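# Overview (structure and organization)
What follows is the residue order along each chain.
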Amino acid sequence: MSGHSKWSTIKHRKGAADAKRGQVFTKVIKEITVAARSGGGDPGANPRLRRALDEAKANNMPQENVTRAIKKGTGELEGVNYEELTYEGVGPLGALFVIEAVTDNRNRTTPELRKVFDKHNGQLGSSGTALWAFDEKGLITVPKALATEEQLFDIAVGAGAEDIQLNEEAWHILTPRDSLEEVREALLQAQLIPASVSLEKVPKTPKIVSETEAEPLLHLLEALEDHDDVQKVSADFQIVDNAS
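The structure contained in this document is the topic of the report that follows. (Residues numbered from 1 in each chain as written. Predicted model: local features only at pLDDT ≥ 70, side-chain atom pairs only at ≥ 80, totals over all residues. Heavy atoms only, no water.)

## Things to note about the packing of aromatic side chains
Inspection of every chain in the model, using the stated rule, returns 2 aromatic pairs. Aromatic side chains Phe-97 and Phe-117 sit 6.2 Å apart centroid to centroid with 85 degrees between the ring planes, which places their arrangement in the edge-to-face category. Placement of the pair is Phe-97 in strand S2 (residues 96-103) and Phe-117 in helix H5 (residues 106-119), with a sequence separation of 20 residues. Here the two residues Phe-97 and Phe-117 agree in accessibility, since each one is buried. Here Phe-97 and Phe-237 contribute two aromatic rings whose centre-to-centre distance is 6.2 Å and whose plane-to-plane angle is 50 degrees, an arrangement assigned as tilted. One end of the pair, Phe-97, is in strand S2; the other, Phe-237, is in strand S10 (residues 237-240), and 140 residues separate them in sequence. On the basis of relative accessibility, which here comes to 0%, the residue Phe-97 falls in the buried class. For Phe-237, a relative accessible area of 1% puts it in the buried group. One aromatic cluster in this structure is built from Phe-97, Phe-117 and Phe-237. (Phe/Tyr/Trp six-rings, centres within 6.5 Å; stacked < 30°, edge-to-face > 60°. Helix = DSSP H or I, 4+ residues; strand = E, 2+ residues; numbered from the N terminus. Buried < 20%, exposed > 50% of the residue type's maximum accessible area, 1.4 Å probe, protein only.)

## Remarks on the sheet that holds strand S3 (residues 123-125)
The pairing of strands in a sheet comes from backbone hydrogen bonds and takes either a parallel or an antiparallel form. Strand order in the open sheet made by the 4 strands is S3-S1-S2-S9, with antiparallel pairing throughout. Two strands close off the open sheet at either side, each with one partner strand: S3 and strand S9 (230-235). Strand after strand, the sheet turns through a mean of 30 degrees between neighbouring axes, direction not considered. Bridge count between strand S1 (residues 83-90) and S3: 3 bridges; the pairing is antiparallel. Paired with Gly-89 across the bridge in S3 is Leu-124. Helix-sheet contacts for helix H8 (residues 211-226) involve S2 and S9, and the interaxial angle to S9 is about 160 degrees. (Pairing = 2+ DSSP bridges. Axes fitted to C-alpha atoms, helices over the stretch in contact; angles between N-to-C directions. Contact = heavy atoms within 4.5 Å.)

## Describing the nonpolar core
A general feature of soluble globular proteins is that nonpolar side chains tend to end up buried together. One finds Phe-97, Ile-99, Leu-224 and Phe-237 to be the most contacted residues of the largest nonpolar core, which totals 23 residues. Listing elements by their share of this core, those giving two or more residues are S1, S2, H5, H8, S9 and S10. With 7 residues, the top contributor of residues to this core is H8. Other than its neighbours up to four places away in sequence, Ile-99 contacts Leu-85, Thr-86, Tyr-87, Leu-113, Phe-117, Leu-224, Val-230, Lys-232 and Val-233. Counting 17 residues, the second-largest nonpolar core is a separate cluster that includes Ala-156, Val-183, Ala-186 and Leu-192. (Core = buried A, V, L, I, M, F, W, Y, C linked by side-chain atoms within 4.5 Å.)

## Some remarks on the pattern of salt bridges
All chains considered together, the criterion is met by 15 salt bridges. Salt bridges sharing partners connect three or more residues here, namely Lys-30, Asp-104, Arg-108 and Asp-229. (Salt bridge = Lys/Arg side-chain N within 4 Å of Asp/Glu carboxyl O.)

## Brief notes about the environment of Lys-27
Structurally, Lys-27 can be placed in helix H2 (residues 21-39). Since its relative accessible area comes to 15%, Lys-27 is described here as buried. In contact with Lys-27, other than residues within four places in its own chain, are Glu-225, His-227, Asp-228, Val-230 and Gln-231.

## Examining the pairing of S1
As judged from the 8 bridges shared by S1 and S2, these two strands associate in the antiparallel manner. Residue pairing across strands places Tyr-87 opposite Ile-99, the latter belonging to S2. The loop that links S1 with its antiparallel partner S2 comprises 5 residues; one of these, Leu-93, has a positive phi angle of about 65 degrees.

## Quick notes on the packing of helix H3 (residues 47-58) against helix H7 (residues 180-189)
Two numbers describe how H3 lies on H7: the axes approach to 11 Å, and their chain directions differ by 50 degrees. Looking at the two axes, H3 sits oblique to H7. Relative to H7, H3 is oriented so that their crossing is left-handed. Residues Pro-47, Arg-50, Arg-51 and Asp-54 of H3 form the contact with H7, whose own contacting residues are Leu-180, Glu-181 and Arg-184. Classifying every residue of the contact of H3 with H7 by side-chain character gives 2 nonpolar, no polar and 5 charged. (Parallel < 35°, antiparallel > 145°, perpendicular 65-115°, else oblique. Left-handed = near helix turned anticlockwise from the far one by under 90°. Nonpolar A, V, L, I, M, F, W, Y, C, P; charged D, E, K, R; others polar.)

And the structure:
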């Protein structure tokens, strides 16, 4: 969690999710259902559903689970009536959090998330508390072995990407929200298959914290991620070595 990557908390979230496969399945199924309900069951005409299906494939989800989730979303099968909610809050050191949730009972979810914040010395806020501090960007990861930086620069930036960074074993490509699908398609045409394609909330001005200072923030982040109704958590802190 050290270094200067603007995506440090995104990397943490993905790593934590990977360690909880059963929970991942539940979250992906919810996303497929909601995506199919909002944009239809054809992934060719529904980018959100296409991204959710890519996530299902990356996590080796059985096809029958995927098909059932799509049918529940389109109404072909009876399913739970999910509601999408966005929560905003403040954690230790004034760090800002945005929580994207999918729930069948907001009267359960809201007080439970308030309790999580309270337990970790934070506060669940009202609308406008934290969203202002983030831009929504596209994030595409490509395995390091598939391409050189020069190749990716030519293909991705040529299609509208803003930035490319190497993080451990993968290239992270940042795009404007509206250019995500165009960059994804350019990579596919070049036979560079992304490992993941997602929309992420990236902090405009990250709060720099040391690894020691970050501990309570990471505890809050993990507790929020562990909640069954939470799909994604975004935070505006960035962890660096020896931050003052």
